[in-house]
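What follows is each chain in one-letter form.
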Amino acid sequence: MAMAPSPSLAQVYTSPVAVAVWEWQDGLGTWHPYSATVCSYIEQQFVQQKGQRFGLGSLAHSIPLGQADPALAPYIIDLPSWTQFRQDTGTMRAVRRHLFPQHSAAGRGITWEWLSDDGSWTAYEASVCDYLEQQVARGTQLVDLAPLGYNYTVNCTTHTQTNKTSSFCRSVRRQAGPPYPVTTIIAPPGHNGVACSCHQCLHGSGTGPVSGRYRHSMTNLPAYPGPQASHRTALVFGAHQAFAPYNKPSLSGARSAPRLNTTNPWGGAPPALGSQPFFRSSLSHLGPQLLPPGPSTSGGASASLPSGPSSSPGSIPATVPMQMPKPSRVQQALAEGAPKPEPEQVIRSYTEELKTPPDEDCIICMEKLSATSGYGDVTDSQTLGPTAAGRLTKCSHAFHLLCLLAMYCNGNKDGSLQCPSCKTIYGEKTGTQPRGKMEVFRFQVSLPGHEDCGTILIVYNIPHGIQGPEHPNPGKPFTARGFPRQCYLPDNVQGRKVLELLKVAWKRRLIFTVGTSSTTGETDTVVWNEIHHKTEMDRNVTGHGYPDPNYLQNVLAELAAQGVTEDCLEQQ
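Rules behind the numbers
In every chain, residue numbers begin from 1 and rise along the written sequence. Local features in this predicted model are restricted to residues of pLDDT 70 or higher, and side-chain atom pairs are both shown and tallied only at a pLDDT of 80 or more, whereas totals for entire chains, interfaces and linings draw on every residue. Computation of side-chain values: all heavy atoms of the structure, hydrogens and water removed. A run of H or I in DSSP becomes a helix once it reaches four residues, and a run of E becomes a strand once it reaches two; helices and strands are each numbered from the N terminus. For every residue, the accessible area obtained with a 1.4 Å probe (protein chains only) is divided by the maximum for its type, and the residue is called buried under 20%, exposed over 50%, and partly exposed between those limits. Contact criterion: two residues are considered in contact whenever any of their non-hydrogen atoms come within 4.5 Å of each other. Where accessible areas are quoted, they stem from the Shrake-Rupley method and a 1.4 Å probe; at the residue level, only the protein chains shown are allowed to cover. Here a salt bridge means any side-chain nitrogen of Lys or Arg lying within 4 Å of a carboxyl oxygen belonging to Asp or Glu. Whether two strands pair depends on DSSP finding at least two bridges between them. With axes taken as lines fitted to C-alpha atoms, and helix axes fitted only over the stretch in contact, angles between N-to-C directions fall between 0 and 180 degrees. Here, nonpolar core refers to any group of buried Ala, Val, Leu, Ile, Met, Phe, Trp, Tyr and Cys residues whose side-chain atoms link them within 4.5 Å. Should an angle fall under 35 degrees it is called roughly parallel, over 145 degrees roughly antiparallel, and 65 to 115 degrees roughly perpendicular, with every other angle called oblique. In a left-handed crossing the near helix is turned counterclockwise from the far helix by less than a right angle, and in a right-handed crossing that turn is clockwise. Just so you know the grouping, Ala, Val, Leu, Ile, Met, Phe, Trp, Tyr, Cys and Pro go in nonpolar, Asp, Glu, Lys and Arg go in charged, and all remaining residues, Gly too, go in polar.

A few points about the overall build of the protein chain
Stage number 1. Counting secondary structure elements, the protein chain contains 8 helices and 26 strands.
Stage number 2. A total of 572 residues make up the protein chain; the buried ones form 54% of that total.
Stage number 3. The contacts of the protein chain with a sequence gap of at least 6 include a subset with a gap of at least 24, amounting to 67%.
Stage number 4. When the accessible surface of the protein chain is split by element, carbon and sulfur atoms take 53% of a total near 23600 Å².

This is the structure:
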């Protein structure tokens, strides 16, 4: 019986092209691929506008599916919200875009289908089809779909699917049809793999999941993230390039790049951890309380935690007593922080100007480096000329200096810069996470796959508040749904290392951001920000639980991509 493909079969992108498969999610949380013809039409519309060579697609229009298949006339795909909308009933379904190698099942037009009760054939989701096809190629007769989150085995010889609990059998079949569309991708060096489909992978700005790292490896299946339960619906934006060119001329209003902030409201060291079986430390904000306090936490353990000794995690710090005159909450949120370096000086400090630019494109504005910057008409600079080109000192990637300046000014202008090509970080990257509290607990219960140690529980709590100048809508309220959020790590050497690095990421405001929720579509709300957390401890059906043998290595890579490495611990 096949349990998982070998690492040699893991799908990685070694080519600048990939196969795009679009899928929609039904009410039970199951994903269904559109036909190859419909996917070709959707992909064509998706990549039509400028900047689509980076895999980001348009965020400004809808795609009527009836133009590809008359039977789908009632349906449109709304790209800004990543939903399929039925015009006659108002029913909305999540949609996603997955990229596969050209040699995959989708690239060869192969689909696997199962026979439903009404006698119709239903296609498996694209990752299942590809997995089955790999197993057939290896000569495997009985394939277990448990690594993908399904309680079925598929017999490739008798063409039957069996429910492992009820032993109920269905017929399956392998169909050959037209291949799914090929699209161009430009992946950063060292970033390989399919795009994750979970809500943690999505930018708060809605630009899609982070591509290139295997997030949720159920046993040893990095290329196939498991299906998501309906309450974890993820709106996948597919694998994408590290940087999206901004829409001109309103650079100041674009939110494609992370907004970085030099202000650090997370001062203070955590109290020393005790020796009790279940205890806590706290990384809360100090200084004036600008946001209204959230609901206090009554206990350190939730109903999902095992019973045992506990200690109160404490409450959100009280607000500062009112003084006269007192600025409003909006004025406080918009107040300027510490002085920030001059943008031109930041660009100069990280680049070397080129006297003779190479004959290549600037990937920010898509113009030749020898030509005028595409952002010369919207970026004012007294020291950088419109044709000036430079090379970043560490990674040697070249851009128009005005383009780098435009990218930097569109962020938080905190003195750090990130190469839009390879993601190399210059300076100390900070984020836009609102004020809140991070608490740490320990208890003597093991996580699946880590039976030799206890468990670390991290509790994040962020209250509602007012957006600051680094957020999408300064001065406007933001919501914080689903807090406190509980996350789990094994209490071993590597788990404790990850914990310390997460503390650094918290202090740098990198764990969360303010943006649009991929699950509810709500704007101006607190969302995850590119660093995966395990929010379930007793199962891994959705990919957010244990066992997951690759998780600790993956999250270390994600932290390193944000500039949080072991070197940061040595500097403390």
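Some thoughts on helix α5 (residues 401-410)
Stage number 1. Buried residues dominate α5, accounting for 9 of its 10 residues.
Stage number 2. Listed in full, the buried residues belonging to α5 are Leu 401, Leu 402, Cys 403, Leu 404, Leu 405, Ala 406, Met 407, Tyr 408 and Asn 410.
Stage number 3. Where the residues of α5 are buried, they touch α4 (343-350), β15 (351-354), β16 (389-392), β17 (398-400) and β18 (417-418).

A word on the pattern of salt bridges
Stage number 1. Summed over all chains, the structure comprises 20 salt bridges.
Stage number 2. Glu 133 is the salt-bridge partner of Arg 174, the closest N and O atoms lying 2.6 Å from each other. Note that Arg 174 is positioned in strand β12 (residues 169-176) and Glu 133 in helix α2 (residues 126-137), a separation of 41 residues in sequence.
Stage number 3. Accessibility expressed as a relative area gives 38% for Arg 174, which makes it partly exposed.
Stage number 4. On the basis of relative accessibility, which here comes to 7%, the residue Glu 133 falls in the buried class.
Stage number 5. Taking the shortest distance from any N to any O, the salt bridge between Asp 524 and Lys 476 comes out at 2.8 Å. Residue Asp 524 is found in the loop between β25 (512-515) and β26 (525-528), and its partner Lys 476 is found in the loop between β22 (465-466) and β23 (477-478); the two are separated by 48 residues along the sequence.
Stage number 6. By relative accessible area, which is 7% here, Asp 524 ends up buried.
Stage number 7. You can call Lys 476 partly exposed: its relative accessible area is 40%.

What to know about the sheet that holds β16
Stage number 1. An order of β15-β16-β17 is seen for the 3 strands of this open sheet, with the pairing classed as antiparallel. Since the sheet does not close on itself, it has two edges, and those belong to β15 and β17, each with one partner. If you compare each strand with its neighbour and ignore which way they point, the axes differ by 35 degrees on average.
Stage number 2. For β15 and β16, the ladder comprises 4 bridges, and the chain directions are antiparallel. If you follow Glu 353 over to β16, its bridge partner there is Gly 390.
Stage number 3. Each of β15, β16 and β17 is contacted by α5, which is oriented at about 80 degrees to β17, the strand it contacts most.

Considering the nonpolar core
Stage number 1. With 40 residues, the main nonpolar core has Ile 458, Tyr 460, Leu 489, Leu 502, Ile 511 and Phe 512 as its most contacted residues.
Stage number 2. Counting residues per element, the ones that place at least two in this core are β20 (437-443), β21 (455-461), β24 (485-490), α6 (493-507), β25, β26 and α7 (551-561).
Stage number 3. With 7 residues, the top contributor of residues to this core is α6.
Stage number 4. Contact partners of Ile 511, with chain neighbours within four places excluded, come to Gln 433, Tyr 460, Leu 502, Ala 505, Trp 506, Val 527, Trp 528, Asn 529, Ile 531 and His 533.

Concerning the pairing of strand β6 (residues 92-100)
Stage number 1. Taking burial as the measure, the 9 residues of β6 include 7 buried ones, the bulk of the element.
Stage number 2. With 6 bridges joining them, strand β1 (residues 17-25) and β6 adopt antiparallel strand pairing. Paired with Ala 20 across the two strands is Leu 99, which belongs to β6.
Stage number 3. For strand β5 (residues 83-86) and β6, the ladder comprises 3 bridges, and the chain directions are antiparallel. Paired with Phe 85 across the strands is Met 92, a residue of β6.

Overview of the packing of α4 against α5
Stage number 1. Running from N to C, α4 and α5 point in directions that differ by 125 degrees, and their axes come no closer than 10 Å. For the element pair α4 / α5, the angle class is oblique. Considering the relative orientation of α4 and α5, their crossing is right-handed. Here Pro 343, Glu 344, Val 346, Ile 347 and Arg 348 of α4 come into contact with α5, specifically with Leu 401, Leu 404, Leu 405, Tyr 408 and Cys 409.
Stage number 2. Of the residues belonging to the contact of α4 with α5, the class tally is 8 nonpolar, no polar and 2 charged.

Notes on unusual backbone geometry
Stage number 1. The omega angle of the peptide bond from Tyr 546 to Pro 547 is 5 degrees, so this bond is cis rather than trans.
Stage number 2. Secondary-structure assignment places Pro 547 in the loop between β26 and α7.
Stage number 3. For Ser 396, which is not a glycine, the phi torsion comes out positive at approximately 70 degrees.
Stage number 4. Relative to the helices and strands, Ser 396 is located in the loop between β16 and β17.
Stage number 5. Within the chain, Lys 423 stands out as a residue other than glycine whose phi angle is a positive 75 degrees.
Stage number 6. Residue classification places Lys 423 among the partly exposed positions, given a relative accessible area of 24%.

None of this, on its own, says anything about what the molecule does.
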